[in-house]
Amino acid sequence: MSEILKITNLSITPKNTPSRLLVNNVSLTLSAGKTTCIVGESGSGKSLTALSIMSLLSSQLLASGNIVFQGQDITKLDEKSLQSIRGAKIGMIFQEPMTSLNPVLTVGYQIGESLTAHLGLKGQALKDKITALLTQVGIPAERANSYPDELSGGQRQRVMIAMSIACEPALLIADEPTTALDVTVQAQILQLLDALKTRMNMAMLFITHDFGVVADIADDVIVMFRGEIVETGSKKDVLTKPKHPYTKALLACVPDAEGKKQLKPIDYAWLKDGLIEDKVVA
Amino acid sequence: MSQQISENIILQANHLVKSYSQRSGRFGFGSSQVKALDDVSISLKAGSTLAVVGESGSGKSTLARCLLQLHPFDGGEVIFEGQDLAKLQGQALRDVRKYLQMVFQDPFASLNPRMKVGEIVGEGLLIHGMGSATEQKQRMLQMLLRVGLSADDALKYPHQFSGGQRQRIGIARALVLNPKVVVCDEPVSALDVSVQAQILLLLKELQQEMGLSYIFISHDLRVVRHVADEIVVMHKGKIVEQGAVEAIYNAPQQPYTQQLLSAIPGRKAA
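What counts, and at which threshold
Residues numbered from 1 in each chain as written. Chains lettered and ligands numbered in written order. Predicted model: local features only at pLDDT ≥ 70, side-chain atom pairs only at ≥ 80, totals over all residues. Heavy atoms only, no water. Helix = DSSP H or I, 4+ residues; strand = E, 2+ residues; numbered from the N terminus. Buried < 20%, exposed > 50% of the residue type's maximum accessible area, 1.4 Å probe, protein only. Contact = heavy atoms within 4.5 Å. Areas by Shrake-Rupley, 256 points an atom, 1.4 Å probe, with all protein chains shown as cover. Salt bridge = Lys/Arg side-chain N within 4 Å of Asp/Glu carboxyl O. Pairing = 2+ DSSP bridges. Axes fitted to C-alpha atoms, helices over the stretch in contact; angles between N-to-C directions. Parallel < 35°, antiparallel > 145°, perpendicular 65-115°, else oblique. Left-handed = near helix turned anticlockwise from the far one by under 90°. Nonpolar A, V, L, I, M, F, W, Y, C, P; charged D, E, K, R; others polar. Polar contact = N/O pair within 3.5 Å; in protein donor to acceptor, adjacent residues only side chain to side chain. Buried area = accessible area lost by both parts, 1.4 Å probe. Phe/Tyr/Trp six-rings, centres within 6.5 Å; stacked < 30°, edge-to-face > 60°. Lys NZ or Arg CZ within 6 Å of the ring centre and 35° of its normal. Expected span 1.5 Å × (residues − 1).

**Examining the overall build of chain B**
Then comes step 1: Each helix and strand counted, chain B has 9 helices and 10 strands in total.
Then comes step 2: Its C-alpha atoms give chain B principal-axis dimensions of roughly 55 × 50 × 45 Å.
Then comes step 3: Each of the 270 residues in chain B was classed as buried or not, and the buried ones make up 53%.
Then comes step 4: Looking at chain B alone, contacts between residues at least 24 apart form 69% of all its contacts between residues at least 6 apart.
Then comes step 5: Surface exposure of chain B reaches about 12300 Å², of which carbon and sulfur atoms provide 49%.

This is the structure in structure tokens:
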């Protein structure tokens, strides 16, 4: 299996308070054809980790560590080289499909932008490619002329997916792509992402707070808590045999559809003096 | 599930109808009617939890607001302890309102940022003139402690609290008047799972202590499974299916309910 992305010792701090670690010494590896889920609660650092891969962190934040993408350390690249990677070799889907689309441009135009920028497509070739992409994500081709407000939430997210896979990226980062959607639509979008990942042999980094979604889509799971990775492993190991007390406690809070489980709020007694001990990293 | 469920119906809605007019067509010059509630009837047994589930636009929040007379409706009736609420006005309606309270979805938008927590929680007591000033203060503090906050918190402002703590404030505000029916509109959907579990357990404890009846509005079928005794499934303003929680989850009759249940993430892998 080929390695697509390797993060080593990534730490993120605010520029004005360097002692506060928002992301603390995170290392992870993503491989082609595999979906890795980062799961954690708000403030666990999961989104910051994803944004740092694209060098999209706020200018108020400082990142250190190495991020090697296809053999190239992208933390050392200048803005111009980064732009040739963003949207081309690394695609990204965000949580809110309405705020990430431009309301005054047709969706076809927006999908076409990255095709023109990265692949130099024009005219009929561009049109054909847009049609092919829309079909691939399950939207009728004539929708290319629609504006985002004429589409439903699920359709907008499909358009976002079409944009993010337009240049056939090696890595797709999806940050809570289904959180804003209804469950039936969520199920469709998860299926679509999984099918595309397999067909295009992409590495997918999927950020979520929902263990149900993890169970549906992940191959590997990374659990984050207060900026640190507390446990990694295969989906089966983490979900059925969690080792770290935080993972266990978090899973005990998740309501199940069978209603058999007794819900238990997290008891942080294992946090000794506020320190996370005994990390379980496979 | 709560133990002391009686067969007494405490709140009942019969054939509720509510339409909104919506701008339509190019530039919104036209208008069309959207039926948010189309002949909706539910009944809530005293001491039990009735969950209303559905996707966005199904009319579940509109139903919540109509039940509490926060929205006028076009047809039907809402009966609380034998009284038709729509026929009540002015003081009579205000008198009944203290028995019908609501916990809102967004703990950030539903608390007045300029009021101290003590004022927010105590306001209902003041409005309904329940007891002397000292008694009101005592009751307010007692309620804050009960939901897991401290007496010092009464002097703080909402922005000083986390989402879960704010939801506790919202619950204290709703319960301080000793209501009989509490409508919870997506009370945990904005919260992290660990906080969600705390709030769900708190709501359950309070239900048993105070003998509350809940209408629980939610889109999360996993949460509903844990809190509800009975379920109403809504779709496009209509009730698709209703019944006991076990029956609906184990043997859904309608295709839409089956579709909803099979879309619950993590079911296949579990």
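**Quick look at the pattern of salt bridges**
Residues and elements named next belong to chain B.
Then comes step 1: Applying the stated rule across the entire model yields 18 salt bridges over all chains.
Then comes step 2: With its nearest N and O atoms 3.1 Å apart, the salt bridge here joins Lys-45 to Glu-230. Note that Lys-45 is positioned in strand 2 (residues 30–45) and Glu-230 in strand 9 (residues 230–235), a separation of 185 residues in sequence.
Then comes step 3: Ionic pairing is found between Lys-60 and Glu-186, a salt bridge with its closest N-O pair at 3.9 Å. Of the two residues, Lys-60 is situated in helix 1 (residues 60–67) and Glu-186 in the loop between strand 7 (181–185) and helix 6 (193–210); the sequence distance between them amounts to 126 residues.

**Points about the sheet that holds strand 5 (residues 72–73) of chain A**
All names here are of chain A.
Then comes step 1: Pairing within the open sheet is antiparallel, and its 4 strands lie in the order 2-1-4-5. Every interior strand has two partners, whereas the edge strands, strand 2 (23–31) and strand 5, have only one.
Then comes step 2: Pairing analysis gives 8 bridges linking strand 1 (residues 3–14) to strand 4 (residues 61–69), with the strands arranged antiparallel. When the bridges of strand 4 are listed, Leu-5 appears paired with Phe-69.
Then comes step 3: Taken strand by strand, helix 1 (residues 46–53) contacts strand 1, strand 2 and strand 4, and its axis lies near 120° from that of strand 1.

**Looking at the environment of Pro-113 of chain B**
Residues and elements named next belong to chain B.
Then comes step 1: With respect to the element layout, Pro-113 can be found in the loop between strand 6 (100–103) and helix 3 (117–127).
Then comes step 2: Measuring from C-alpha to C-alpha, the distance between Pro-113 and Tyr-157 comes to 6.6 Å, with 44 residues separating the pair along the chain.
Then comes step 3: Apart from the residues within four sequence positions on either side, Pro-113 is in contact with Tyr-157 and Pro-158.

**Section: the packing of helix 3 of chain B against helix 4 (residues 133–146) of chain B**
All names here are of chain B.
Then comes step 1: Running from N to C, helix 3 and helix 4 point in directions that differ by 125°, and their axes come no closer than 9 Å. Considering their axes alone, helix 3 and helix 4 lie oblique with respect to each other. Crossing handedness for the pair helix 3 and helix 4: right-handed. Mapping the contact onto sequence places Val-117, Gly-118, Val-121, Gly-122, Leu-125 and Leu-126 in helix 3 and Gln-136, Arg-139, Met-140 and Leu-144 in helix 4.
Then comes step 2: Class assignment for the residues of the contact of helix 3 with helix 4 results in 6 nonpolar, 3 polar and 1 charged.

**Details of the sheet that holds strand 6 of chain B**
In a beta sheet, neighbouring strands pair by backbone hydrogen bonds and run either parallel or antiparallel.
Residues and elements named next belong to chain B.
Then comes step 1: Across the sheet, 6 strands lie side by side as 6-7-8-3-9-10; this open sheet has mixed pairing. Of all strands in the sheet, those bounded by a partner on one side alone are strand 6 and strand 10 (238–244). Taken pair by pair, the neighbouring strands of this sheet meet at an average axis angle of 15°, ignoring direction.
Then comes step 2: Bridging between strand 3 (residues 49–53) and strand 9 involves 4 bridges; their strand directions are parallel. Following the sheet pairing, Leu-50 is matched in strand 9 by Glu-230.

**Some points on the side chain of Ser-44 of chain A**
Residues and elements named next belong to chain A.
Then comes step 1: By the element assignment, Ser-44 lies in the loop between strand 3 (35–39) and helix 1.
Then comes step 2: Judged by relative accessible area, which is 2%, Ser-44 ranks as buried.
Then comes step 3: Among the polar contacts made by the side chain of Ser-44, one reaches the main-chain carbonyl oxygen of Glu-41 at a distance of 2.8 Å.
Then comes step 4: Residues within four places of Ser-44 in sequence aside, it is in contact with Met-224, Phe-225, Arg-226, Gly-227 and Glu-228.

**Notes on the interface of chain B and chain A**
Then comes step 1: Contacts between the two partners involve 27 residues from chain B, matched on the other side by 28 residues from chain A.
Then comes step 2: Taken together, both faces of the contact between chain B and chain A bury some 2400 Å²; the carbon and sulfur share is 57%.
Then comes step 3: On the chain B side of the contact with chain A, Val-193, Arg-222 and His-226 of chain B bury the most area, a combined 25% of that side's loss.
Then comes step 4: Residue Arg-222 of chain B is joined to Asp-210 of chain A by a salt bridge in which the shortest nitrogen-to-oxygen separation is 2.7 Å.
Then comes step 5: One can count 11 residue pairs in polar contact (both at pLDDT 80 or more) joining chain B with chain A.

**Overview of the packing of aromatic side chains**
Residues and elements named next belong to chain B.
Then comes step 1: Within the structure shown, the criterion is met by 2 aromatic pairs over all chains.
Then comes step 2: Seen from the ring of Tyr-99, Lys-180 lies directly overhead, with NZ or CZ sitting 4.7 Å from the centre.
Then comes step 3: Here Arg-225 stacks its cationic end above the ring of Tyr-249, 5.1 Å away from the centre of that ring.

**Remarks on the packing of helix 3 of chain B against helix 5 (residues 163–175) of chain B**
Residues and elements named next belong to chain B.
Then comes step 1: With their axes 7 Å apart at the nearest point, helix 3 and helix 5 run at an angle of 25° to one another. Taken together, the axes of helix 3 and helix 5 are roughly parallel relative to one another. The segment helix 3 lies against helix 5, with Val-117, Ile-120 and Val-121 engaging Ile-169, Ala-172 and Arg-173.
Then comes step 2: Of the residues assigned to the contact of helix 3 with helix 5, the class counts are 5 nonpolar, no polar and 1 charged.

**Let's talk about the pairing of strand 4 of chain A**
Then comes step 1: For strand 4 of chain A and strand 5 of chain A, the ladder comprises 2 bridges, and the chain directions are antiparallel. In the strand pairing of strand 5 of chain A, Phe-69 of chain A is matched with Gln-72 of chain A.

**Some words on helix 6 of chain B**
Then comes step 1: Counted at 1.5 Å a residue, the expected span for helix 6 of chain B with its 18 residues is 26 Å, and the 25 Å between its end C-alpha atoms agrees.
Then comes step 2: Taken residue by residue, helix 6 of chain B has Val-193, Ser-194, Gln-196, Ala-197, Ile-199, Leu-200, Leu-202, Leu-203, Leu-206 and Gln-207 of chain B as its buried positions.
Then comes step 3: Looking at the buried residues of helix 6 of chain B, the elements they touch are helix 9 (245–253) of chain A together with strand 3, helix 4, helix 5, strand 8 (213–218) and helix 7 (221–227) of chain B.
Then comes step 4: Directly beyond the C-terminal end of helix 6 of chain B, a positive phi value near 65° is found at Gly-211 of chain B.

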